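Structural description and commentary
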Amino acid sequence: QGVHMFIEKPLGVSAPEQVEEINKVISESGVIVAVGYMLRYSAAVEKALELLNGKKPVCVNAKYNAAYSRIHKKDWWSVKTSGGPVVEQGTHFADLIRYIGGEVDLSTIQAVSVPANCSIAKNLSE
């Protein structure tokens, strides 16, 4: 009780309503809790902020390159235990967009999920 926390993402991989309940309890406790996103502190992000000189970007294009076949952390692939690659890596881009560009209207966001065993995903990887 009363211990401030700096925690790893995600706050939860359960239904949004359950995560909202966790958020409510934290908010009512008066404890300071921050979800850590390490890319905010990278030299590239610091340079981007310097170049923007206080201006807000109107468009962001983010790309993450990784040899996922060589990453042996099985939890990164598990939607049930960690949320899968989108939560493990994609949320870093969402955080950076908000960090650099400010809060966004969530009703304007769209996403498409392509399962790895889907024929279109196979075509994308070739």
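All of the points below concern the structure found in this document. Given the structure is predicted, the values throughout are model-derived calculations rather than measurements. (Residues numbered from 1 in each chain as written. Predicted model: local features only at pLDDT ≥ 70, side-chain atom pairs only at ≥ 80, totals over all residues. Heavy atoms only, no water.)

1. Notes on the side chain of aspartate 95
- Looking at where aspartate 95 falls in the secondary structure, it is placed in helix H3 (residues 84-101).
- Owing to a relative accessible area of 6%, aspartate 95 belongs among the buried residues under this scheme. (Helix = DSSP H or I, 4+ residues; strand = E, 2+ residues; numbered from the N terminus. Buried < 20%, exposed > 50% of the residue type's maximum accessible area, 1.4 Å probe, protein only.)

2. Some remarks on the side chain of histidine 92
- One can find histidine 92 in helix H3.
- Every residue in contact with histidine 92, bar those within four places of it in the chain, is listed here: Lys9, Tyr37, Met38 and Leu39. (Contact = heavy atoms within 4.5 Å.)

3. Looking at unusual backbone geometry
- At asparagine 53, a position not held by glycine, the phi torsion is positive, near 50°.
- Examined against the element boundaries, asparagine 53 turns out to sit in the loop between helix H2 (43-52) and H3.

4. Describing the pattern of salt bridges
- Across all of its chains, the model carries 3 salt bridges by this definition.
- With a closest N to O distance of 2.8 Å, arginine 40 and aspartate 95 form a salt bridge. Linking arginine 40 in the loop between strand S2 (33-36) and H2 with aspartate 95 in helix H3, this pair joins segments that are 55 residues apart in sequence.
- Among the ionic pairs, lysine 47 bridges to glutamate 50, the shortest N-O distance being 3.2 Å. Residue lysine 47 and its partner glutamate 50 are located together in helix H2, separated by 3 residues, close to a single helical turn.
- Accessibility expressed as a relative area gives 40% for lysine 47, which makes it partly exposed.
- Here glutamate 50 falls in the exposed class, since its relative accessible area comes to 53%. (Salt bridge = Lys/Arg side-chain N within 4 Å of Asp/Glu carboxyl O.)

Interpretation in functional terms is not warranted from these geometric data alone.
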